[in-house]
Amino acid sequence: MTSTDKKVGYLPKGKRPDYTPITAAHGVETALQLLEGRWKMTILFHLFGGSLMRFSELERAIPAISQKMLIQQLRKLEADGIVRRIVHHQVPPKVEYGLTEWGEGLCPALDALLLWAEQRETLAGPVPPEDQPKV
């Protein structure tokens, strides 16, 4: 019996490419670049769980962010396919933001990363003040 994935040129669901250390590192770097930015993670954590939020709600939820920066970060997340922008055609106009299905898939990955970061303190002791993240 022959395999159709070689004939068709796509990988069937569940079959992953064989990674080398170089291609794996490049893939992870690419993924991290999508999440790079001071406010992207905060925005994502507000949108996890399938919640839809209006721009003004996000603005109130993250008081330290400027309007300009919130707009820029939302546009980048939308362009990368992580956040979706839903426009309700009504007067006054209503726009909501939520995560795409692919964006929701980040939740377990970021949760695992958070648990990994917590292990540092358990295994290596408390984090020195100069290494602690600035909020």
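Remember, predicted model here, so these are calculated numbers, not experimental data.

Analysis parameters
Residues numbered from 1 in each chain as written. Predicted model: local features only at pLDDT ≥ 70, side-chain atom pairs only at ≥ 80, totals over all residues. Heavy atoms only, no water. Core = buried A, V, L, I, M, F, W, Y, C linked by side-chain atoms within 4.5 Å. Buried < 20%, exposed > 50% of the residue type's maximum accessible area, 1.4 Å probe, protein only. Helix = DSSP H or I, 4+ residues; strand = E, 2+ residues; numbered from the N terminus. Contact = heavy atoms within 4.5 Å. Pairing = 2+ DSSP bridges. Axes fitted to C-alpha atoms, helices over the stretch in contact; angles between N-to-C directions. Phe/Tyr/Trp six-rings, centres within 6.5 Å; stacked < 30°, edge-to-face > 60°. Arc of directions from axis to C-beta.

Thoughts on the nonpolar core
A general feature of soluble globular proteins is that nonpolar side chains tend to end up buried together.
Then step 1. Ranked by size, the top nonpolar core spans 21 residues in total, and within it Ile43, Leu44, Leu74, Ile82 and Val83 carry the most contacts.
Then step 2. Mapped by element, the contributors of at least two residues to this core are α3 (40–47), α4 (55–61), α5 (67–79), β3 (94–99) and α7 (106–124).
Then step 3. Setting aside its immediate chain neighbours within four residues, leucine 44 contacts Leu35, Leu77, Ile82, Val83, Leu99 and Leu106.

Remarks on the sheet that holds strand β1 (residues 53–54)
Strands belonging to one sheet form pairs held by backbone hydrogen bonds; the direction of such a pair is parallel or antiparallel.
Then step 1. As summarised here, the arrangement of the 3 strands in space is β1-β3-β2, forming an open sheet in which the pairing is antiparallel. At either end of the open sheet lies a strand with only one pairing partner, and these are β1 and β2 (83–88).
Then step 2. In this sheet, β3 lies alongside β1 in antiparallel orientation, the contact comprising 2 bridges. By the bridge assignment, methionine 53 is partnered in β3 with tyrosine 97.
Then step 3. Against the sheet, α3 contacts β1, β2 and β3, and its axis sits at roughly 95 degrees relative to β3.

Thoughts on the packing of aromatic side chains
Then step 1. A full pass over the atoms with the stated rule returns 1 aromatic pair.
Then step 2. When the centroid spacing of 5.2 Å and the interplanar angle of 90 degrees are considered together, the rings of phenylalanine 45 and phenylalanine 48 count as edge-to-face.
Then step 3. Exposure remark for phenylalanine 48: the relative accessible area of 12% places this residue in the buried category.

Concerning α3
Then step 1. The complete set of buried residues in α3 reads Lys40, Ile43, Leu44 and Leu47. Within α3, the buried residues cover an arc of 100 degrees as seen down the axis, which keeps them to one side.
Then step 2. Glycine 49 sits one or two positions beyond α3 and adopts a positive phi of about 90 degrees.

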